[in-house]
Amino acid sequence: MTLKIFRAIIMGPPGSGKGTVSSRIVKDFNIKHLSSGDILRSQILNKTAAGMAAKKYIDEGNLVPDDVMVNLIIGELHPLKQNWLLDGFPRTVPQAETLYQKEPVDVVMTLNIPDKIIINRIKGRWTHAPSGRIYHTEFNPPKVPGVDDVTGEPLLQRDDDKEETVNRRLQAYWKLTQPVLDFYRELSILEEFKGKYSNEIWPHVHKFLSTKITPTQYTEYKGFS
Ligand code: AMP
């Protein structure tokens, strides 16, 4: 019997809890997680041709060209003999189109957390730069506002955690991603999960995947990770 590999994509804005949800999927469904950012970083570390081609774009904060990305990701996915979950790819419609031709995706899950919630969560973060200790005004406040518990030194808000930076990143994400989501919606393989927190979304993701991944796919691939 030939087993069909289960192919899934997870999408979600920065700060949506995509990392948390992905690691729960990996654990509960024994599925291989591939992150395009991690793959690129490892290619750069190993000084491969793709890594060299990608480096300057990443350093400048730009997207790596589609042809470099597509070859790299398809090259990673093609030999896999187990169910997989792709994260960070595709980021453009041409990437989505080529991926769908070469590796027909079964489901695309998108985490839809209101921007307001993401902004509130991130902008509450304050860091003690020398130690890396992170506080949150709401969830983990320092004993004295604005001051590190251990050293008494002032806390700083990283540029990345400032409201205007988060806002800009979210706008850029939606602008870039909306056409990719539309592409998958047209194919009727897009599943949207709405909620405020990972814990709220997770049971729905779990239930959904339980209906999509067949028990045979799950057990047969269990030994591969
Ligand atoms: P990430 O860790 O997903 O934020 O990726 C880090 C960087 O790698 C991004 O800022 C892009 O420069 C590049 N990158 C990752 N995935 C892609 C992709 N699908 N298409 C183009 N560039 C990508």
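The structure displayed is predicted, hence computed values, not measured ones.

Draft legend 1. Representation of the pattern of salt bridges. On inspection of all chains with the given rule, the structure shows twelve salt bridges. Between arginine 185 and aspartate 182 there is a salt bridge, with its nearest N and O atoms 2.6 Å apart. With arginine 185 and aspartate 182 both in helix 7 (residues 163-186), this residue pair falls three residues apart, about one helical turn.

Draft legend 2. Local environment of the side chain of threonine 110. Position of threonine 110 among the secondary structure elements: in strand 4 (residues 107-112). The contact partners of threonine 110, leaving out residues within four places of it in the chain, are Met11, Leu181, Leu190, Glu191, Glu192 and Phe193.

Draft legend 3. Highlighting the site of the ligand. Taken together, 13 residues sit near the ligand, with Ser36, Asn62, Val64, Gly88 and Gln95 positioned nearest. Measuring from an oxygen atom of the ligand, one finds a side-chain N or O atom of arginine 91 at 3.1 Å. Glutamine 95 has a polar side-chain atom sitting 2.9 Å from a nitrogen atom of the ligand. For the ligand, the protein covers 79% of the area, taking 480 Å² as the surface of the free molecule. When atoms are counted within 2 Å of each cavity's grid points, the one that captures over half of the ligand is the largest pocket.

Draft legend 4. Representation of helix 1 (residues 18-29) in the model. Here helix 1 spans 16 Å end to end across twelve residues, near enough to the 16 Å set by a 1.5 Å rise per residue. Buried within helix 1 we find Lys18, Val21, Ser22, Ile25 and Phe29. Down the axis, helix 1 shows its buried residues gathered within 100 degrees of arc, on one side only. Across from the buried face of helix 1, at angles greater than 90 degrees, the exposed residues are Gly19 and Lys27. Downstream of helix 1 by a residue or two, asparagine 30 has a phi angle that is positive, lying close to 50 degrees.

Draft legend 5. View of the packing of aromatic side chains. For the structure shown, the criterion picks out three aromatic pairs. Plain terms: the ring middles of tyrosine 173 and tryptophan 174 are 5.0 Å apart, the flat faces sit at 80 degrees to each other, and that makes the pair edge-to-face. Assigned by exposure class, tyrosine 173 and tryptophan 174 land together as buried. Residues phenylalanine 183 and tyrosine 184 carry aromatic rings whose centres are separated by 5.2 Å and whose planes lie at 70 degrees to one another, so their mutual orientation is edge-to-face. Residue classification places tyrosine 184 among the buried residues on the basis of a relative accessible area of 0%.

Draft legend 6. Representation of helix 7. Between the first and last C-alpha of helix 7 there are 34 Å, a value that for 24 residues agrees with the 34 Å anticipated at 1.5 Å per step. Of all the positions in helix 7, only Thr165, Val166, Leu170, Tyr173, Trp174, Thr177, Val180, Leu181, Phe183 and Tyr184 are classed as buried. In this structure, the buried residues of helix 7 make contact with strand 1 (7-11), helix 5 (93-102), strand 4, helix 6 (115-123) and strand 7 (190-194). Taken from the residues just after helix 7, serine 188 is the one with a positive phi, measuring 60 degrees.

Draft legend 7. Molecular detail of the packing of helix 2 (residues 36-45) against helix 4 (residues 66-77). Across the interface, helix 2 lies against helix 4 with an axial gap of 11 Å and an inter-helix angle of 100 degrees. When the axis of helix 2 is compared with that of helix 4, the two are roughly perpendicular. Every residue of helix 4 that contacts helix 2 at Ser36, Ile39, Leu40 and Gln43 is listed here: Met69, Leu72, Ile73 and Glu76. Of the residues assigned to the contact of helix 2 with helix 4, the class counts are five nonpolar, two polar and one charged.

Draft legend 8. Local environment of the sheet that holds strand 7. Read across the sheet, five strands follow the order 2-3-1-4-7 without closing on themselves; strand pairing throughout is parallel. Of all the strands in the sheet, just strand 2 (32-35) and strand 7 have a single pairing partner and so form its edges. The mean inter-strand angle of the sheet, taken between neighbouring strand axes irrespective of direction, is 20 degrees. Two strands pair when backbone bridges link them, and strand 4 and strand 7 are joined in this way by five bridges, in the parallel orientation. Residue methionine 109 lies in a different strand from strand 7, and its bridge partner there is glutamate 191.

Conventions used here
- Residues numbered from 1 in each chain as written.
- Predicted model: local features only at pLDDT ≥ 70, side-chain atom pairs only at ≥ 80, totals over all residues.
- Heavy atoms only, no water.
- Salt bridge = Lys/Arg side-chain N within 4 Å of Asp/Glu carboxyl O.
- Helix = DSSP H or I, 4+ residues; strand = E, 2+ residues; numbered from the N terminus.
- Contact = heavy atoms within 4.5 Å.
- Near = heavy atom within 4 Å.
- Polar contact = N/O pair within 3.5 Å; in protein donor to acceptor, adjacent residues only side chain to side chain.
- Areas by Shrake-Rupley, 256 points an atom, 1.4 Å probe, with all protein chains shown as cover.
- 1 Å grid on protein atoms, 1.4 Å probe; cavity = no way out; pocket = protein on both sides within 12 Å on 5 of 7 lines; lining within 4 Å.
- Sits in = over half its atoms within 2 Å of the grid points.
- Expected span 1.5 Å × (residues − 1).
- Buried < 20%, exposed > 50% of the residue type's maximum accessible area, 1.4 Å probe, protein only.
- Arc of directions from axis to C-beta.
- Phe/Tyr/Trp six-rings, centres within 6.5 Å; stacked < 30°, edge-to-face > 60°.
- Axes fitted to C-alpha atoms, helices over the stretch in contact; angles between N-to-C directions.
- Parallel < 35°, antiparallel > 145°, perpendicular 65-115°, else oblique.
- Nonpolar A, V, L, I, M, F, W, Y, C, P; charged D, E, K, R; others polar.
- Pairing = 2+ DSSP bridges.

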